[in-house]
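Report on the structure
Single-letter residue listing:
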Amino acid sequence: MSDRLAIVLDRLIPGDPERGWPTPSAIDLAAKARALADGRGEPTLLDAIAARLPDGFEAMPEADQVAALSHLEAGDGEAFGRLIHYAYGAYYIDPAVRRTVEVRTGYPARPPQPQGYTLPPFDEALLETVKTRPPFWRPVPKR
Amino acid sequence: MAAIREAEDRADVVIVGAGASGAAVAWRLAEAGVNVLVLERGGWHAPAEAASTRDDWEWVLQTERHPDPAIRRAAEDIPVTADDSPIRPAFYCGVGGSTLRWGAHFPRFHPSDFKTRTLDGVGRDWPISYDDLAPYYDLNDTIMGVSGLAGDPANPPRATRPMGPFPLSDGMERLAAAFDRLGWHWWPADGAISRDADPLTGRGACNNCGPCGLGCPQKARASTDITYWPRALAKGVRLRTGALVRKIVCDRDGRATAVDWQDGTRHHRTHCDTVVLAANGMGTPRLMLASTCPSHPNGIGNANGGVGKHLMHHPTAIVAGLFDAPTGLPKGPFACALYSQEFYETDTARGASRGYQMQGLRPQGPLATALGGYAKRLPWGADHHGAFERTFGHDVSLTVTVEDLPRADNRVTLDPTHTDDAGVPAARLTYALGQNERTLLKHGIARAREALLEAGAAQVAVTPLSRQAGFHFLGTAAMGTDATAITDPTGNVNGCPGLVVVDGSLFPSAGGVNPTPTLQANALRIADHLLAHHHASLTVAA
């Protein structure tokens, strides 16, 4: 039996093999998104939202699947937003996706800590213009 | 069924809340030998366990570390309902309070912020001046650890910070140059973040990681659990975590004499000379209103019905510029880059009183960018990956944070349909923007857009009022000398001897910048007053 949520995720985040972005189905995103939802006490949420799509959704042409999702979004933006929240959440914390982020943007795939990043000094020369300005805070008359 | 008290003890002073102000007061009093007990409903959050060391750190930031309690769903949170407010509450419960979740942006109020009624005919004057707080600002800076640069022409002169400011990103440098070309002020932000390690306190140096709100494994970003609390505990302060306050107990003369609290199912009564409320501008009026008794049938300090009224936030718009060229990756303290106070002081030509600050925000991580970051959620479908690559590391954002004038209709009340485990009703927030704030926001959004376009932004996205920006709860038990004041100028609650407020509830006006340095300085001032006038003769603890 096909996994409707997996298809939904593939339509939401289509992947781009040429640029290295994995498809959700390639990284088993449906299971990971369900796990995130389960961790938030919403184990059935994503499948329940997907179940609101038309019968036969799985067999539709991709363009019709996209249209069905757009219809769902237009009809219940809040529920659709929760679907997107978990879809993007699971996708962008996935190690494979973080590696692609690093390759495409230079942002390291590792967590920010404990390594951190180089901390250069502040360039005080940037203040050359504003330092010429006299004080302009508003004084309060003494009583 | 009536509660059963299982334990009774005594302290000179009981402080409710271990956050920004409560920690400062606990330390100051304990330094002088006062026997202090602090009750904190949350627990400790070890810096070493901060989620910024985890692969899923961005998910944690969106969920269990979210500032909105409705999203975070932490058992220890103060229960709150905010259906009647366009701004969601944002706070954190634990040893360190909301400093556990903040960005450590550390500005001071201007002298004019203390005298808005005198100068502009709006709001309420403080019963003290900037000069009264100046030495306490300096003292607080030494404990919290501040990086920044002296010489800002928008602010009064002050001492050189022990550590220099944080560098700007490429995008922030473009913005700074744009401010210069427009002839507008800007300055590098002060941050309660250590650039340098301090072996004496065990605090490390900032390593520029970015998500300060997750906590800081380096102990570089200040929170009071690593600044005031080690000092306070060393001086003998007793701290009880997981402690839910049930009631402030008053005698037949109306004097506060004890605090009823519980940890789990165990009930306590701690007798004391002074009760200090440091539970923030939402939690403090909640406890005052909930602590009814024959002496205070409408709640403590509420004979005039004023407790909880005049709630002030800092209404905030976010204006995000999207650039064709990269502007820098999400590195560096997210809230400590630069600010402009060009429009901070009143200019009646704007059609409003008072003013606002524009504050530069560093970019957010990949997930936050996809979910909208400071702009719009990225589209799903065919263009998703293209939109991500055009957006991530290509944005510069400005907040526009305006002064909120006090209005009686904006308030904290009790919601009896919802209680915590101690049976205390939830806080209910009722809030609406006033015309002055709307005018300032509109003006500020236009100026922020102008600055970003001058900096080279190809597109600008505007969030006219940030929903998740209710970080500051101010003015709900204001100090003063007139009939509407809830406390006297040193936080003593009118009509309730022995009860003192020290947190942001006291603010008669809100200023247009983050309030933590001001509320901490004011708390230290009040602590010194307590020592001088109430506890001077106490026996020094062994």
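Each remark here, short or long, concerns the structure printed above.
In this text, all values refer to a predicted model and were calculated from it rather than measured experimentally. (Residues numbered from 1 in each chain as written. Chains lettered and ligands numbered in written order. Predicted model: local features only at pLDDT ≥ 70, side-chain atom pairs only at ≥ 80, totals over all residues.)

1. Points about the overall build of chain A
Quick note on the threshold: Going along the chain from the N terminus, every DSSP run of H or I of four or more residues is numbered as a helix, and every run of E of two or more is numbered as a strand. Values of the radius of gyration come from C-alpha atoms, whereas the globule rule sets the reference at 2.2 Å times the count of residues to the power 0.38.
Helix and strand content of chain A: 6 helices and 0 strands. What you see in chain A, going N to C, is helices and strands ordered as α-α-α-α-α-α. Over its C-alpha atoms chain A spans a radius of gyration of 24 Å, topping by over 25% the 15 Å that the globule rule assigns to 143 residues. Expressed as lengths along the three principal axes of its C-alpha atoms, the size of chain A is roughly 75 × 45 × 30 Å.

2. Notes on the overall build of chain B
What counts is decided by this rule: Counting other C-beta atoms within 10 Å of a residue's own tells you its class, since 20 or more makes it buried, 12 or fewer makes it exposed, and anything in between is partly exposed; those C-beta atoms are placed from the backbone. For the purpose of contact definition, each residue receives a C-beta atom placed from its backbone, and two residues are in contact when these atoms lie within 7 Å.
Broken down by element type, chain B carries 12 helices and 16 strands. Taken over the C-alpha trace, chain B has a radius of gyration of 22 Å; the compact-globule value for 542 residues is 24 Å, and the two agree within 12%. Oriented by its inertia axes, the alpha-carbon framework of chain B measures out at about 70 × 50 × 45 Å. Scored against the burial criterion, the 542 residues of chain B give a buried share of 61%. For chain B, contacts bridging at least 24 residues in sequence account for 74% of all contacts bridging at least 6.

3. A few points about the packing of helix 1 (residues 4-12) of chain A against helix 4 (residues 62-75) of chain A
To characterise two packed helices, one gives the angle between the axes of the helices and the distance between these axes. Residue and element names in this part refer to chain A. In plain terms, the rule: Structural elements are reduced to axes, namely lines fitted to C-alpha atoms, with helices fitted over the stretch in contact, and the angle between N-to-C directions of any two is expressed from 0 to 180 degrees. Angles below 35 degrees are treated as roughly parallel, those above 145 as roughly antiparallel, those between 65 and 115 as roughly perpendicular, and all remaining angles as oblique. For this classification, Asp, Glu, Lys and Arg are treated as charged, while Ala, Val, Leu, Ile, Met, Phe, Trp, Tyr, Cys and Pro are nonpolar and the rest, including Gly, are polar.
The N-to-C vectors of helix 1 and helix 4 enclose an angle of 90 degrees; their axes lie 10 Å apart at closest approach. Viewed along their axes, helix 1 and helix 4 adopt a mutual orientation that is roughly perpendicular. Mapping the contact onto sequence places Ile7, Val8 and Arg11 in helix 1 and Glu62, Gln65, Val66 and Leu69 in helix 4. A class-by-class count of the residues in the contact of helix 1 with helix 4 yields 4 nonpolar, 1 polar and 2 charged.

4. Quick look at the sheet that holds strand 9 (residues 316-322) of chain B
Residues and elements named next belong to chain B. Rule in force here: Two strands qualify as a pair provided that DSSP identifies no fewer than 2 bridges between them.
Taken together, the 6 strands give an open sheet; going across it, the order is 4-10-11-12-9-15, and neighbouring strands pair in antiparallel fashion. Among the strands making up the open sheet, the edge pair consists of strand 4 (187-188) and strand 15 (459-463). Sheet topology note: the strand 11 (residues 356-361)/strand 12 (residues 395-402) ladder contains 6 bridges and is antiparallel. Bridged to leucine 361 within strand 12 is serine 397.

5. Describing the environment of B:Ile15
Residues and elements named next belong to chain B. Its place among the elements puts isoleucine 15 in strand 1 (residues 7-16). Here the alpha-carbon distance between isoleucine 15 and proline 497, two residues 482 residues apart in the chain, equals 15 Å. Excluding its chain neighbours within four sequence positions, the residues that come into contact with isoleucine 15 are Gly22, Val25, Ala26, Val36, Val38, Val276 and Ala278.

6. Here we look at the environment of B:Asp415
Residue and element names in this part refer to chain B. Assignment of secondary structure puts aspartate 415 in strand 13 (residues 411-419). Aspartate 415 sits 78 residues away from valine 493 along the chain, and the two C-alpha atoms are 23 Å apart. If we skip the residues at most four places from it in the chain, aspartate 415 touches Thr81, Pro425, Ala426, Ala427 and Arg428.

7. Thoughts on the sheet that holds strand 3 (residues 80-84) of chain B
Residue and element names in this part refer to chain B. An order of 3-14-13 is seen for the 3 strands of this open sheet, with the pairing classed as mixed. Two strands bound the open sheet, and with one partner strand each, they are strand 3 and strand 13. On average, adjacent strands in this sheet sit at an angle of 35 degrees to one another, irrespective of strand direction. In terms of strand pairing, strand 13 meets strand 14 (residues 425-430) through 6 bridges, oriented antiparallel.

8. Some words on helix 6 (residues 170-182) of chain B
Residues and elements named next belong to chain B. Here is the rule we go by: The length a helix should cover is 1.5 Å for every residue beyond the first.
Taking 1.5 Å of rise per residue, the 13 residues of helix 6 would be expected to cover 18 Å, and the 19 Å separating its terminal C-alpha atoms lies within 8% of that figure. Of all the residues in helix 6, the buried ones are Gly171, Met172, Arg174, Leu175, Ala176, Ala178 and Phe179. Elements that come into contact with the buried residues of helix 6 comprise strand 10 (338-340), strand 11, strand 12 and helix 11 (435-454). Once helix 6 ends, the next one or two residues include glycine 183, with phi positive near 80 degrees.

9. Some words on unusual backbone geometry
Trans peptide bonds make up the majority, and among non-glycine residues the majority have a negative phi. With an omega dihedral of 10 degrees, the bond running from A:Gln113 to A:Pro114 counts as a cis peptide bond. One can find A:Pro114 in the segment after helix 6 (95-105). Residue B:Lys219 is not a glycine yet carries a positive backbone phi of 55 degrees. Take B:Lys219: it is sitting in the loop between strand 4 and helix 7 (228-234). Residue classification places B:Lys219 among the buried positions, given that 24 C-beta atoms sit within 10 Å. Backbone geometry places B:His310, a non-glycine residue, at a positive phi of 65 degrees. In this fold, B:His310 is placed in the loop between helix 8 (280-290) and strand 9.

10. Topic: the pairing of strand 7 (residues 256-263) of chain B
Residues and elements named next belong to chain B. Bridge count for strand 6 (residues 244-250) against strand 7 is 6 bridges, and the pairing is antiparallel. Within the sheet, the bridge partner assigned to isoleucine 248 lies in strand 7 and is valine 259. Hairpin connection from strand 6 to strand 7: 5 residues lie between these consecutive antiparallel strands, with glycine 254 at a positive phi of about 90 degrees. Bridge analysis of strand 7 against strand 8 (residues 266-277) gives 6 bridges, and the strand direction is antiparallel. Bridge pairing in strand 8 places glutamine 262 opposite histidine 267.

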